[in-house]
Amino acid sequence: MSISLPSRLSLANRPTPLQALDRISDDLGGPRVWLKRDDLTGSLLSGNKIRKLEFVVAQALAEGCDTLITCGGVQSNHCRATAVVAAQLGLKVCLILREDNPPAADGNLLIDRLVGAEIQTVSKADYQKKLPELFERWRAHYAAQGNKAFIIPTGASDEIGVWGYVAACEELKSDFAEYAIEPKTIIVATGSGGTQAGLTAGAALYSLGAEVIGMAVCDSEIYFRNKVKQDLKQWKARYNIDCNIDALAINTNADYIGPGYGVATPEVYDTIRYVAKREGVILDPVYTGKAFHGLIAQIRAGHFSSERDIVFVHTGGLFGVFPHRNQFAFGDAE
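Definitions and limits used
- Residues numbered from 1 in each chain as written.
- Predicted model: local features only at pLDDT ≥ 70, side-chain atom pairs only at ≥ 80, totals over all residues.
- Heavy atoms only, no water.
- Core = buried A, V, L, I, M, F, W, Y, C linked by side-chain atoms within 4.5 Å.
- Buried < 20%, exposed > 50% of the residue type's maximum accessible area, 1.4 Å probe, protein only.
- Helix = DSSP H or I, 4+ residues; strand = E, 2+ residues; numbered from the N terminus.
- Contact = heavy atoms within 4.5 Å.
- Pairing = 2+ DSSP bridges.
- Axes fitted to C-alpha atoms, helices over the stretch in contact; angles between N-to-C directions.
- Parallel < 35°, antiparallel > 145°, perpendicular 65-115°, else oblique.
- Left-handed = near helix turned anticlockwise from the far one by under 90°.
- Nonpolar A, V, L, I, M, F, W, Y, C, P; charged D, E, K, R; others polar.
- Salt bridge = Lys/Arg side-chain N within 4 Å of Asp/Glu carboxyl O.
- 1 Å grid on protein atoms, 1.4 Å probe; cavity = no way out; pocket = protein on both sides within 12 Å on 5 of 7 lines; lining within 4 Å.
- Points joined across faces, edges and corners; volume = space filled by probe spheres on them.
- Expected span 1.5 Å × (residues − 1).

Caption draft 1: Fine view of the nonpolar core. If you look at the biggest cluster of nonpolar residues, it comprises 67 residues, and the most contacted ones within it are Leu53, Leu68, Ile186, Leu199, Leu232 and Trp235. By residue number, the principal contributor to this core is helix α6 (residues 163-179), which donates 8 residues. Excluding its chain neighbours within four sequence positions, the residues that come into contact with tryptophan 235 are Glu159, Val162, Trp163, Val166, Ala201, Leu205, Asn240, Ile241 and Ile245. Formed by 34 residues, the second largest nonpolar core is a distinct cluster that contains Leu21, Ile213, Val217 and Phe292.

Take a look at the structure:
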């Protein structure tokens, strides 16, 4: 199927590999687990956010903007990716970061500072209550300096960012054909909903024959059902897409969030170590570690016993591992 895409920058290393995790699959005794390696979309530009930013920043440039303003947690993968894109394209970037007690520069925050992002740290309370006001304040600030700013929402998860993972489904279709597999389930960590939205629509448009399940790392199943549907309806309206949004199955599993966003249980850290040692793949405690921990638990519980193959989309997050270094205990023998 050929789908007409809007203007797009070339930022990611595409297509990313599809890799079988055969040792883990053998350990679990369930379906063969495949990893869509979107952690390999780039080096500093690693992760799922780059696919969205290819479309979002293209729109910003089309509107004549020279400054990007976005937001997220202090260790936001999306903010880091946006800051790196801005540096590569010669744009200004302002990051509104949510944190009550700003830490020393580490992980994503260290990269933000290295590439010259202008960082505005706000309390979690102000971030929750005043984000639209903060966006407008900084837009006006840059306008007063003669710059035109483009606002990118959390995770670039809006009707423009949806295109990133709609387009990725064309790759998945080719992957499935190359390896002669017919997965019935695609699993992805979901935090701002945009990747889940794109995969959900793309799976239908490209007739993948697979159900998309978002493993929530925050919020609730109801939240994601509403957020994904909202993003997709705005996407359909903006681009006049022939897709029945109400007929799409929006599936979210919120059983593995743990204590909250950015806070992982010891079992998640154990999963990260296990996957690293068995397959040489690094997950992170905020997104992919929680989601893959959930996938393992579901396979062990027999939820996918009738399936031969299952796909996990690795959305990146390597830099987010480093601020959690104290959560990994290593003995002298290791």
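Continuing now.
Caption draft 2: Here's a closer look at the sheet that holds strand β4 (residues 92-98). Across the sheet, which stays open at both edges, the 4 strands sit in the order β5-β4-β3-β6 with parallel pairing between neighbours. At either end of the open sheet lies a strand with only one pairing partner, and these are β5 (118-122) and β6 (149-151). Between one strand axis and the next, the sheet turns through 25 degrees on average, direction left out of account. With 3 bridges connecting them, strand β3 (residues 67-73) and β6 associate as parallel partners. Bridge pairing in β6 places isoleucine 69 opposite isoleucine 151. Packing of helix α5 (residues 124-144) onto the sheet brings it into contact with β3, β4, β5 and β6, and relative to β4 it is tilted by some 165 degrees.

Caption draft 3: A look at the packing of helix α3 (residues 77-89) against helix α4 (residues 107-114). Across the interface, α3 lies against α4 with an axial gap of 9 Å and an inter-helix angle of 20 degrees. The angle between the axes of α3 and α4 places the two elements in the roughly parallel class. The handedness of the crossing between α3 and α4 is left-handed. Note on element contacts: α4 touches α3 through Asn108, Ile111 and Asp112, opposite Asn77, Cys79, Arg80, Ala83 and Val84. Among the residues making up the contact of α3 with α4, the classes are represented as 4 nonpolar, 2 polar and 2 charged.

Caption draft 4: Seen up close, the pattern of salt bridges. Under the definition given, this model contains 19 salt bridges. Arginine 225 is paired through a salt bridge with glutamate 221; the nearest N and O atoms lie 3.6 Å apart. Residue arginine 225 and its partner glutamate 221 are located together in helix α8 (residues 221-239), separated by 4 residues, close to a single helical turn. The exposure class of arginine 225 is partly exposed, given its relative accessible area of 34%. Put simply, Lys36, Asp38, Arg51, Glu171 and Asp175 are held in one network by salt bridges that share partners.

Caption draft 5: Here's a closer look at the packing of helix α2 (residues 49-62) against α6. At a minimum axis distance of 7 Å, the contact between α2 and α6 shows a crossing angle of 120 degrees. As summarised for this structure, α2 and α6 are arranged oblique, according to the angle between their axes. Considering the relative orientation of α2 and α6, their crossing is right-handed. Here Arg51, Lys52 and Phe55 of α2 lie close against α6, whose contacting residues are Trp163, Gly164, Tyr165, Ala167, Ala168 and Glu171. Here the contact of α2 with α6 is composed, by residue class, of 5 nonpolar, 1 polar and 3 charged.

Caption draft 6: A look at empty space enclosed by the protein. Following the criterion strictly, the structure yields 1 cavity of 30 Å³ or more and no others. Roughly 110 Å³ of internal volume is contained in the largest cavity. Around the largest cavity sit 15 residues that line it, and Asn48, Lys49, Ala189, Gly191 and Tyr287 are the ones nearest its centre. Secondary-structure elements contributing two or more residues to the lining of the largest cavity are α2, β7 (185-190) and α7 (194-205). Of all the elements, α7 adds the most residues to the lining of the largest cavity, at 3 residues. Split by residue class, the lining of the largest cavity holds 2 nonpolar, 11 polar and 2 charged.

Caption draft 7: α2, seen in detail. With 14 residues, α2 should reach 20 Å at 1.5 Å per residue; the first-to-last C-alpha distance of 20 Å fits that figure. Within α2, 11 of the 14 residues are buried, which leaves it mostly tucked inside the rest of the structure. Packed against the buried residues of α2 are β2 (32-37), β3, α3, β6, α6 and α7. Remark: glycine 64 follows α2 within two positions and exhibits a positive phi of approximately 80 degrees.

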